[in-house]
Amino acid sequence: MNSVSPTSPPLLRLVAMAQDLLLERGIGPVSLADVALALRLPLDAVERAFPAGKPALVAAVVGHYLIQFSQRLAQHGPLSANAVEEMLRVRQTLQALPEKMRSLFMHELKADYPTLYQKLRTERLASVLHYMRLNL
């Protein structure tokens, strides 16, 4: 599966909109045309950004979410007196991430894109473990 980096500025806006739509509606109902319409772009502009189609778009959204997740952890910063308190604070911070990431999107991702689902879970856990190694 061809994955597009969600970090270049024009793609960032496109991927952020796709993320909003996918989280709101689920993966199944959202098409590249829906993303183009939401951004008032011609469909061919979105198709050029994601020539591999919807799977590439979903992969970019997962990548974007993982970047947001890592940034949230980095902003967290250790403030607790001991490891147990810090782990509880990390848990609380992570639970504040969009509830929608535990919604229909995740169920569809698991069912329709199992490799991406596993990547999301693995990299999210790796980010938490990295944070804890650095700060606890």
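Cut-off values and rules
Position numbers for residues start from 1 in each chain and track the written sequence from start to end. This being a predicted model, a pLDDT of at least 70 is required before a residue's local features are given, and a value of 80 or more before pairs of side-chain atoms are given or counted; all residues contribute to the totals for chains, interfaces and linings. By convention in this description, side-chain values take in all heavy atoms of the structure and omit both hydrogens and water. Under the scheme used here, helices are H or I runs from DSSP no shorter than 4 residues and strands are E runs no shorter than 2 residues, and both carry numbers assigned from the N terminus. Burial here depends on accessible area, computed with a 1.4 Å probe over protein chains only, as a share of the maximum for the residue type. Under 20% is buried, over 50% is exposed, and the range in between is partly exposed. Residue contacts are counted whenever heavy atoms from the two residues lie within 4.5 Å of one another. Computed with a 1.4 Å probe, the accessible areas rest on the Shrake-Rupley method; for each residue, only the protein chains presented here act as cover. Buried Ala, Val, Leu, Ile, Met, Phe, Trp, Tyr and Cys residues that are joined via side-chain atoms within 4.5 Å together make up what is termed a nonpolar core. Note on geometry: axes are lines fitted to C-alpha atoms, helical ones only across the stretch in contact, with angles between N-to-C directions running from 0 to 180 degrees. Handedness of a helix crossing follows the sense of rotation of the near helix relative to the far helix, less than a right angle counterclockwise being left-handed and clockwise being right-handed. Here a polar contact means two N or O atoms within 3.5 Å. Within protein one must be a hydrogen donor candidate and the other an acceptor candidate, and residues neighboring in sequence count only if both atoms are side-chain atoms. The score called pLDDT rates the predictor's confidence residue by residue, from a low of 0 to a high of 100. Working note: the arc is built from the helix axis to C-beta atom directions.

- As recorded by an unreviewed UniProt entry, the chain carries the name TetR/AcrR family transcriptional regulator and is attributed to Hymenobacter setariae.

## Considering the overall build of the chain
Part 1 of the argument: When you go through the chain residue by residue, the secondary structure sums to 7 helices and 0 strands.
Part 2 of the argument: Going from the N terminus to the C terminus, the chain shows its helices and strands as α-α-α-α-α-α-α.
Part 3 of the argument: Counting the 136 residues in the chain, one finds 40% classified as buried.
Part 4 of the argument: Considering only intrachain contacts with a sequence separation of at least 6, the fraction spanning at least 24 residues in the chain is 65%.
Part 5 of the argument: Surface accessibility of the chain: about 7800 Å² in total, with carbon and sulfur atoms responsible for 58%.

## Concerning the nonpolar core
Part 1 of the argument: By size, the foremost hydrophobic cluster in this structure holds 39 residues, and its most contacted members are L14, V35, F50, F105 and L109.
Part 2 of the argument: For this core, the elements supplying multiple residues, two or more each, are α1 (9-25), α2 (32-39), α3 (43-49), α4 (54-76), α5 (83-95), α6 (104-112) and α7 (114-135).
Part 3 of the argument: Counting residues per element, this core draws most heavily on α4, which supplies 11 residues.

## Some thoughts on the packing of α5 against α7
Part 1 of the argument: At a closest axis distance of 12 Å, the pairing of α5 and α7 adopts a crossing angle of 145°. For the element pair α5 and α7, the recorded crossing hand is right-handed. On the side of α5, the interface is formed by E86, M87, V90 and L94, while α7 contributes V128, Y131 and M132.

## Here we look at the environment of P29
Part 1 of the argument: With respect to the element layout, P29 can be found in the loop between α1 and α2.
Part 2 of the argument: Excluding anything up to four places from it in sequence, P29 contacts D34 and E108.

## Side note on the environment of H64
Part 1 of the argument: Summarising the element assignment, H64 is placed in helix α4.
Part 2 of the argument: Separated by 45 residues in the primary sequence, H64 and Q19 have C-alpha atoms spaced 8.2 Å apart.
Part 3 of the argument: Engagement of the side chain of H64 in a polar contact is seen with the side chain of Q19, the distance being 3.5 Å.

## Some details on the confidence of the model for the chain
Part 1 of the argument: Averaged over every residue, the pLDDT of the chain is 84; the share at 70 or more is 85%.
Part 2 of the argument: Element-level mean pLDDT values for the chain span from 76 in α5 up to 96 in α2.

## Notes on α6
Part 1 of the argument: Buried within α6 we find F105, M106, E108 and L109. Taken end-on, α6 shows its buried residues confined to a sector of 165°, consistent with a single buried face. α6 presents H107, K110 and A111 as exposed residues on the side facing more than 90 degrees away from its buried surface.

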